[in-house]
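Spelled out, the chains give:
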Amino acid sequence: MAVKNLPMREALHRALHEEMIRDDRVYVMGQEVGRWQGTHRVTRGFLEEFGERRVKDAPISEMAIAGAAVGSAMAGLRPVAEIMTINFAFLALDAIINHAAKIHYMFNGQFTVPMVLRVASGWGDQATATHSHTPEPIFAHFPGLYVATPATPADAYGMLKTSIRDDNPVLFSESIGLYPKPGLVPDDPDYLVPIGKADVKREGQHVTLVTFARGLEWCMGAARELEKEGVQAEVVDMRWLRPLDTETVFASVRKTNRAVIVEEALPMYSFGSELAAQIQEHCFDYLDAPVKRVSSLDVPVPYSKKLEDMVFPTAHKVVAAVKEIL
């Protein structure tokens, strides 16, 4: 299979473009997705090519964007709605949680909601406390809503295509810090990444590093550092927070007997909390040390660059956590 080296931003652009050509029920909607070419430039050129019927600039109302997406999906379209950052998705929680996630169940399967809600997440970059959230675990709390968290351009490409083609609502979270990062992407318009399937990005035998989204960078960096000291770390990229592929994690932990969970999100009531509990419940007899967690600090993200850098995880923090349990 031929591959191209593309930044994640371009991989997402290509996936969405190909799906809009493949299925004329697919349309995009959001603030500045049309004439402004998209805040993160994922929808550049779409308005000129597809026109205003399929590329809709929305008012500054996240509730209206999500609500319109739910209604049009119920009516037979396949909306890909963009909310500029995941921080603003809190304004649309009723449409996302009480409607998109529950309608199929509440109507006994008579309706489906085949919508994708694209959101940009995390990173900081001195965006301050109200614009630097990584709250994907909050959305993964609710049954009926899939949560996608790609970490590589190839996964972003295949996962977005899968999400658009699926009949369930998907919150598709794109890490802002990963938009410019390049990677090999299959040159195949039907390349799909299965929903709810994790991926072992690196084989190892001494410790399992479990992560998602930008955490993959820190884990791969930590694995390279640990290798210099003879420690082989296995890196599991969850890719999806719901459905959660625990079996891939359990198989890895049963092989390595140690686990470190790495996330950009906050530590309280988190992905790391849930996965640590599940590992303890299902792999207790295999563990040679307690499960460790590395996350952002439990504080609002500060504006000061030096303080901000202290808040987020790093490869060095992951290495330190591994050394504590070896």
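Keep in mind that this is a model prediction, so the values were computed, not measured.

To continue, consider the pairing of strand 10 (residues 207-211). Among the 5 residues of strand 10, 5 are classified as buried, and the element is accordingly described as predominantly covered. Of the two faces of strand 10, the one lined by Val207, Leu209 and Thr211 and the one lined by Thr208 and Val210 are each fully buried. Both strand 10 and strand 11 (residues 233-237) contribute to a ladder of 5 bridges, which runs parallel. Opposite Val207, over in strand 11, you have Ala233 as the bridge partner. In this fold, the crossover linking strand 10 to strand 11 by way of helix 8 (residues 215-227) has right-handed handedness.

This part is about the environment of Asp23. Relative to the helices and strands, Asp23 resides in the loop between helix 1 (8-22) and strand 2 (26-30). Judged by relative accessible area, Asp23 falls into the buried class, the value being 10%. On a C-alpha basis, the gap between Asp23 and Arg78 in space is 8.8 Å, while along the polypeptide they are 55 residues apart. When neighbours within four sequence positions are excluded, Asp23 is seen to be in contact with Arg54 and Arg78.

As a further point, take the state of the cysteines. Per the stated rule, a full pass over the model turns up 0 disulfides. Cys283 supplies the cysteine sulfur nearest to Cys219, a cysteine that is in no disulfide, at a spacing of 17 Å.

Moving on, we come to the nonpolar core. If you look at the biggest cluster of nonpolar residues, it comprises 46 residues, and the most contacted ones within it are Ile96, Phe139 and Ile279. Composition of this core by domain shows at least three residues from each of domain 1 (3-186) and domain 2 (199-325). Leaving out residues up to four positions away in the same chain, Ile96 has contacts with Ala66, Ala89, Ala101, Leu117, Phe139 and Leu145. Ala11, Phe46, Val116 and Trp240 belong to the second-largest nonpolar core, a separate cluster that totals 32 residues.

Moving on, we come to the sheet that holds strand 9 (residues 199-202). Strand order in the open sheet made by the 5 strands is 9-11-10-13-14, with mixed pairing throughout. Taken across any chain shown, the strands that pair with only one partner, and hence form the sheet edges, are strand 9 and strand 14 (292-294). Looking at each pair of strands side by side, their axes are set apart by 25° on average, direction ignored. Strand direction decides the pairing type here: strand 10 and strand 13 (residues 259-262), joined by 3 bridges, are parallel. The residue of strand 13 that forms the bridge with Val210 is Ile261. Those strands touched by helix 9 (residues 246-256) are strand 9, strand 10, strand 11 and strand 13, and its axis lies near 175° from that of strand 11. Set on the sheet, helix 12 (residues 315-325) makes contact with strand 10, strand 13 and strand 14; between it and strand 14 the angle comes to about 170°.

Right, let's get into the sheet that holds strand 3 (residues 55-57). Sheet architecture is open: 7 strands sit in the order 3-2-4-5-7-6-12, paired in mixed fashion. Unpaired on one side and paired on the other, strand 3 and strand 12 (240-242) mark the two borders of the sheet. When the angles between neighbouring strand axes are averaged without regard to direction, this sheet yields 20°. Pairing of strand 5 (residues 116-121) with strand 7 (residues 170-175), which is carried by 6 bridges, proceeds in the parallel orientation. Looking at strand 7, one finds that Leu117 is bridged to Leu171. Helix 1 rests against strand 2, strand 3, strand 4 (78-83) and strand 7 of the sheet, and its axis sits at about 130° to strand 2.

Counting across every chain of the model gives 4 aromatic pairs. Both rings, one in Phe107 and one in Phe111, keep their centres 5.1 Å apart while their planes meet at 85°; by these two values the pair is edge-to-face. Accessibility expressed as a relative area gives 30% for Phe111, which makes it partly exposed. A cation sits over an aromatic face here: Arg14 above Tyr157, 4.5 Å from the ring centre. Stacked on the ring of Phe312, the Lys or Arg Arg214 has its end atom at 5.6 Å from the ring centre.

Let us look at the domain arrangement of the chain. Interfaces are frequently sized by the accessible area removed from exposure as the parts join. The domain architecture assigned to the chain consists of domain 1 (3-186) and domain 2 (199-325). The straight-line distance from the C-alpha centre of domain 1 to that of domain 2 is 26 Å. Residue-level contacts link 32 residues of domain 1 with 24 residues of domain 2. Between domain 1 and domain 2 the total buried area reaches about 2,200 Å² when both faces are included, carbon and sulfur atoms providing 60% of it. Between the two partners, domain 1 and domain 2, sit 3 salt bridges. Of the charged contacts in the structure, one is a salt bridge between Asp155 and Lys201, with a shortest N-O distance of 2.8 Å. Where domain 1 touches domain 2, the interface holds 13 residue pairs in polar contact (both at pLDDT 80 or more). Of all the secondary structure elements, the ones that give two or more residues to the side of domain 1 that touches domain 2 are helix 6 (136-140), strand 6 (146-148), helix 7 (153-165) and strand 7. For the side of domain 1 that touches domain 2, the residue count by class is 16 nonpolar, 12 polar and 4 charged.

Cut-offs and rules
Counting of residues starts from 1 at the beginning of each chain's written sequence and follows it residue by residue. Totals for whole chains, interfaces and linings use all residues, but because this is a predicted model, local features are given only for residues with pLDDT of at least 70 and pairs of side-chain atoms are given and counted only at 80 or more. For the side-chain quantities, the full set of heavy atoms in the structure was used; hydrogens and water were omitted. Whether a residue is buried, partly exposed or exposed follows from its accessible area with a 1.4 Å probe, protein chains only, as a fraction of its type maximum: under 20%, in between, or over 50%, in that order. Secondary structure counts use DSSP, requiring at least four H or I residues in a row for a helix and at least two E residues in a row for a strand, with both numbered from the N terminus. Following DSSP output, two strands are said to pair if at least two bridges run between them. By convention, a crossover is right-handed whenever its connection, traced from the first strand over the helix to the second and viewed with the strands pointing away, goes clockwise. Contacts are assigned to residue pairs that have any heavy atoms within 4.5 Å of one another. Two cysteine sulfur atoms form a disulfide, by the criterion used here, when they sit within 2.5 Å. Grouping buried Ala, Val, Leu, Ile, Met, Phe, Trp, Tyr and Cys residues that are joined through side-chain atoms within 4.5 Å yields what is termed a nonpolar core. Each domain's extent was defined by an automatic or database domain assignment. All axes here are fitted lines through C-alpha atoms, helices being fitted over the stretch that makes contact, and every angle between N-to-C directions spans 0 to 180 degrees. Working definition: rings of Phe, Tyr and Trp (its six-membered ring) pair if their centres are within 6.5 Å, and the pair is stacked with planes under 30 degrees apart, edge-to-face with planes over 60 apart, and tilted otherwise. Note on criteria: charge over ring means Lys NZ or Arg CZ within 6 Å of the ring centre, with the direction from the centre no more than 35 degrees off the ring normal. Throughout, the accessible surface (probe 1.4 Å) given up by two parts as they are put together, summed over both, is called the buried area. Here, a salt bridge means any side-chain nitrogen of Lys or Arg that lies within 4 Å of a carboxyl oxygen of Asp or Glu. Polar contacts here mean pairs of N or O atoms no more than 3.5 Å apart (in protein, one a potential hydrogen donor and the other a potential acceptor; neighbouring residues in sequence count only if both atoms are side-chain atoms). Just so you know the grouping, Ala, Val, Leu, Ile, Met, Phe, Trp, Tyr, Cys and Pro go in nonpolar, Asp, Glu, Lys and Arg go in charged, and all remaining residues, Gly too, go in polar.

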